[in-house]
Amino acid sequence: MKKHQKSNRTVNVLIKGFLLTRYEKGAIMQRRILKKVTLWKRSAYLFKIIGVKRENVIMTQYERIVKGLIYNPADEEIMKEQIPYQDKLWEFNQLKPSQIKEKMEYMREVFAECGENCYIELPFHANWGGHHVHFGNQVYANSNLTLVDDGHIYVGDNVMFGPNVTIATANHPIEPTLRAKGLQYNKDVYIGENTWIGAGVIIVPGVRIGKNTVIGGGSVVTKDIPSGVLAAGNPC
């Protein structure tokens with residue numbers, strides 16, 4: 001009887017940091033079973049037990065960007081995609097004020113979306129050259145607009161940006177060991193139509209600003225702002 005009870009004891013197995021509890025007929029039987037299972041099936045079984053989707057673990061760093069997961073921005077595949085946009089941005093910033101047509105051509109080619117009659121006073125700064133930026137119609141941006149567009153930035157019709165505005169979508173982990181590895185994740189920013197963003201405003205990742213709103217100059221926007229209001233301050 002004692003031998004039978006012992007053979008049905010709980011076996012705790014620590015696999016890659018996850019503590020799994022299984023009822024097996026002894027550790028010897030468990031090892032025999034695992035030997036008969038392929039590595040792929042075994043890993044899929046573990047992911048099922050711990051409640052993690054396998055596709056969220058085994059994917060490229062670029063795929064992790066698209067899904068909004070934490071990733072390594074210095075990954076070779078990402079850099080290969082990003083650097084050509086930075087080169088195009090450098091050329092864009094060499095345009096003369098009179099080259100309005102060329103400015104529009106750049107925005108329509110590089111931006112994710114760009115409506116009619118948009119204008120940017122140079123210089124313009126963007127991590128991806130504006131590749132993840134969505135402009136509506138008649139968007140005006142004064143000089144030194146900085147868009148940290150690792151994530152997406154959505155700007156409605158008739159939005160105005162004062163000079164030296166910064167909109168960030170990239171975040172870094174609070175956990176220091178992850179941050180030391182240079183990892184980051186992104187949160188999209190949304191700005192509603194007919195909104196005025198005053199000079200020197202900073203908008204942090206994940207913020208949503210409603211339509212017909214004014215953000216006072218020098219404000220640091222750290223939370224969502226409703227439509228039809230005047231908001232100012234640090235934090236705003």
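Everything below is about the structure printed above this text.
Quick summary incoming for the structure in this document.

Conventions used here
- Residues numbered from 1 in each chain as written.
- Predicted model: local features only at pLDDT ≥ 70, side-chain atom pairs only at ≥ 80, totals over all residues.
- Heavy atoms only, no water.
- 1 Å grid on protein atoms, 1.4 Å probe; cavity = no way out; pocket = protein on both sides within 12 Å on 5 of 7 lines; lining within 4 Å.
- Points joined across faces, edges and corners; volume = space filled by probe spheres on them.
- Helix = DSSP H or I, 4+ residues; strand = E, 2+ residues; numbered from the N terminus.
- Axes fitted to C-alpha atoms, helices over the stretch in contact; angles between N-to-C directions.
- Parallel < 35°, antiparallel > 145°, perpendicular 65-115°, else oblique.
- Left-handed = near helix turned anticlockwise from the far one by under 90°.
- Contact = heavy atoms within 4.5 Å.
- Nonpolar A, V, L, I, M, F, W, Y, C, P; charged D, E, K, R; others polar.

### Notes on the layout of surface pockets
Reported here for the second largest pocket is a volume of approximately 170 Å³. Together, Y62, I65, V66, K67, G68, H132, D150, G151, H152, N186, K187 and D188 line the second largest pocket. In terms of residues, the lining of the second largest pocket owes the most to one element, helix α4 (residues 61-66), which gives 3 residues.

### So, the packing of helix α5 (residues 76-92) against helix α6 (residues 100-110)
Running from amino to carboxyl end, α5 crosses α6 at an angle of 165°, the nearest separation of the two axes being 11 Å. By the angle between their axes, α5 is roughly antiparallel relative to α6. Helix-helix and strand crossings are classified by hand; for α5 and α6 the assignment is left-handed. When α5 is examined against α6, the residues Y85, K88, L89 and F92 are found in contact with a partner set consisting of K103, Y106, E109 and V110. Here the residues of the contact of α5 with α6 sort into 5 nonpolar, no polar and 3 charged.

Bear in mind that shape data such as this cannot, by itself, settle questions of function.
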